[in-house]
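If you want the building blocks of each chain, they are given just below.
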Amino acid sequence: MIPTNPKKRQRVHHHSTTRYPSSTDLSRSDSFQKLRRTNSNASFNDSVFVRGASPAASSFNDATTADVILRLYVDRTAPLASESSAEDDVQIYLHSEVLRRSKYFAALLSDRWQNPNFNNGVDSNNNNSCSRFICLNFGVSANIPSSISNHVTVLELLYSDDFSSVINNVTIALDLLPVALELLFEDCVKACVRFIEAVPWTEEEEKRVIEMIPFLREEESIELLSRISVHDDSCEDMLHGLILVAIHNHPNMAFVKAFVAKLLRDFSSRESARRVLERAFEETLKIVKESLEEYSSPDFRGDHNETEAIQRLNLHTAMTNGRHLLWLVERMVELRVADNAVKEWSEQAVFTSDLQRAIRDDAWRNIVPGLPGILMKSTCKLANAVAAGTILAARQVRMKLVKDWLPVLIVCKDNASPLLPSHKTLYLELEQTFLRIISTLPMSDAQELLQQCLSFSTKNVDDCPHLVTAFNTWFRRATRPPQADDDC
């Protein structure tokens, strides 16, 4: 029954025994819910109650021309429903011809949903005439803020084709879309989806969009899904692409590297970050190795000037990618995902031999004087991580890391004249780190490697305490009496 309220527009009263079809009766029935899903082009040509003026002469909430009275009320039977207010029950004058834009109302006004108590709009249980109006009830959820207001807005849009004047931000579109879906108002649904797809979302709005997608048809949701759903490898492909742009192509390389480093630190999957960095590490290391191999074994069959240009190019390529390699190693150590990188770095006997030959050649000094230093920085980063326990490397890996790279360190010191202060600090740090790693090896391996470390000694013995400590440790262990067996 439509209640009276002197503060609202004049209403038509009906006997309390009259029962009007409501959304509770209709919208939840299985057959009615299937209307939108099963046939988006369905139309209702059944006997529709039409007594008002044509749509062109109709206006929203016009009592003089309306043939439908719709009561919108808040359904407080739902759990957690809030307390009622004056805005929880409103009466609107509408036109059946206009309401037919909504498949819900088209069905509601058709013969298939006619209530037996209706006789052309006359309440047979009441002597008062209601011949002019069809009276409908529509209950809305009490748990949705502004639910009545949103329903009124969508009903008003039935009278207009200018959706853009109302649907002008994402919040409004997301508020109106559930109502449009409930009323099967296809034009409004399309307008809401079109607006939502075309504009940016906040994080909260995106959550609401995701919640709405299951209620949309495939053709309506496909663009929205493409914006938030990707295939399984997309994140790794994206990160790998960002790394390549940062280290190879971007003019503001330092700033971009810092930004990509932050993305890697903040990325939710450590294993994905590991795979991406390992992939880039292997690709970059391969370029450095190939460049030094070509430099160390040049093809002299061509023109001398051409050969020299190629040699320069090889050194520059090795230097440039050596810098990229260092940045990748730093990221891997920072994220504690450098295990495989250490293992790979310890298996570079051919590479370290090529590097030693290149360093002994004086040509590099005038072309890429920083090449030995940049590669030894990567070695130092990985070795420090091993010595500190950040990377738990196997004994064979630790041994081979020192065995392959210790000769390179010695050649760098012997062939660097004059020794740059930055390189002097780097080489001293690497000496200390190698000696610490040697102290973790079996006595026989340590004995072999310590003999190669004599070049760490200086004119003043007091200037190389790390070397003294390393030999004292070895001799202390060597002279310790063997552990007695606990035989009974």
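Definitions and cut-offs
Residues numbered from 1 in each chain as written. Predicted model: local features only at pLDDT ≥ 70, side-chain atom pairs only at ≥ 80, totals over all residues. Heavy atoms only, no water. Helix = DSSP H or I, 4+ residues; strand = E, 2+ residues; numbered from the N terminus. Expected span 1.5 Å × (residues − 1). Buried < 20%, exposed > 50% of the residue type's maximum accessible area, 1.4 Å probe, protein only. Arc of directions from axis to C-beta. Contact = heavy atoms within 4.5 Å. Salt bridge = Lys/Arg side-chain N within 4 Å of Asp/Glu carboxyl O. Pairing = 2+ DSSP bridges. Axes fitted to C-alpha atoms, helices over the stretch in contact; angles between N-to-C directions. Left-handed = near helix turned anticlockwise from the far one by under 90°. Nonpolar A, V, L, I, M, F, W, Y, C, P; charged D, E, K, R; others polar. pLDDT = per-residue confidence, 0-100. Phe/Tyr/Trp six-rings, centres within 6.5 Å; stacked < 30°, edge-to-face > 60°.

Draft legend 1. Quick peek at helix α21 (residues 465-479). Between its first and last C-alpha atoms α21 spans 21 Å; for 15 residues at 1.5 Å apiece the expected length is 21 Å, and the two agree. Along α21, the residues that are buried comprise H466, L467, A470, T473 and W474. Viewed end-on, α21 has its buried residues packed into an arc of 130 degrees, placing them on one side of the element. Tucked into the core, α21 has its buried residues touching α19 (421-438) and α20 (443-452).

Draft legend 2. Expanded view of the pattern of salt bridges. For the coordinates displayed, the defined rule picks out 24 salt bridges. Among the ionic pairs, R331 bridges to E330, the shortest N-O distance being 3.8 Å. Given the relative accessible area of 13%, R331 is considered buried. With its nearest N and O atoms 2.3 Å apart, the salt bridge here joins E431 to K413. Note that E431 is positioned in helix α19 and K413 in helix α18 (residues 395-415), a separation of 18 residues in sequence. We classify E431 as buried; its relative accessible area is 3%.

Draft legend 3. Representation of the pairing of strand β1 (residues 68-75) within the structure. Of all 8 residues that make up β1, 8 are buried, and the element is covered over most of its length. Across 6 bridges, β1 lies against strand β2 (residues 89-94) in antiparallel orientation. Within β2, the residue paired with V68 across the bridge is L94. As paired strands, β1 and strand β5 (residues 134-141) are joined by 8 bridges and run parallel to one another. Looking at the pairing, L70 lines up with L136 of β5.

Draft legend 4. Representation of the packing of α20 against α21 in the model. Interaxial distance between α20 and α21 falls to 11 Å at its minimum, and their mutual angle equals 145 degrees. Along this stretch, α20 crosses α21, giving a crossing that reads as left-handed. Contacts from M443, A446, Q447 and L450 of α20 reach α21 at A470, F471, W474, R477 and A478. Of the residues belonging to the contact of α20 with α21, the class tally is 7 nonpolar, 1 polar and 1 charged.

Draft legend 5. Summary view of the sheet that holds β5. Read from one edge of the open sheet, 3 strands run β2-β1-β5, paired in mixed fashion. Both outer strands of the open sheet, β2 and β5, are each paired with one neighbouring strand and no more. Within the sheet, the average angular offset between the axes of one strand and its neighbour, ignoring direction, is 25 degrees. The sheet contacts of helix α5 (residues 147-157) involve β1, β2 and β5, and relative to β1 the element is tilted by about 155 degrees.

Draft legend 6. Expanded view of the confidence of the model for the chain. Put simply, the chain has an average pLDDT of 80, and 78% of its residues get 70 or more. Confidence scores differ between elements of the chain, with strand β4 (residues 122-123) showing the lowest mean pLDDT of 36 and helix α14 (residues 339-345) the highest of 96. Between residues 1-56, whose pLDDT stays under 50, and residues either more than four places distant or in other chains, the model counts 143 contacts. Segment residues 116-129 is flagged for pLDDT under 50; beyond a separation of four residues in sequence, or across chains, it makes 22 contacts in the model.

Draft legend 7. Structural detail: the packing of aromatic side chains. Considering all chains together, one arrives at 11 aromatic pairs under this definition. Where F105 meets F138, the ring centres are 6.5 Å apart and the plane angle is 40 degrees; that geometry is what we call tilted. Of this pair, F105 sits in helix α4 (residues 103-108) while F138 is found in strand β5, placing the two residues 33 residues apart along the sequence. Judged by relative accessible area, F105 falls into the buried class, the value being 1%. Look at F138 and you get buried, because its relative accessible area is 1%.

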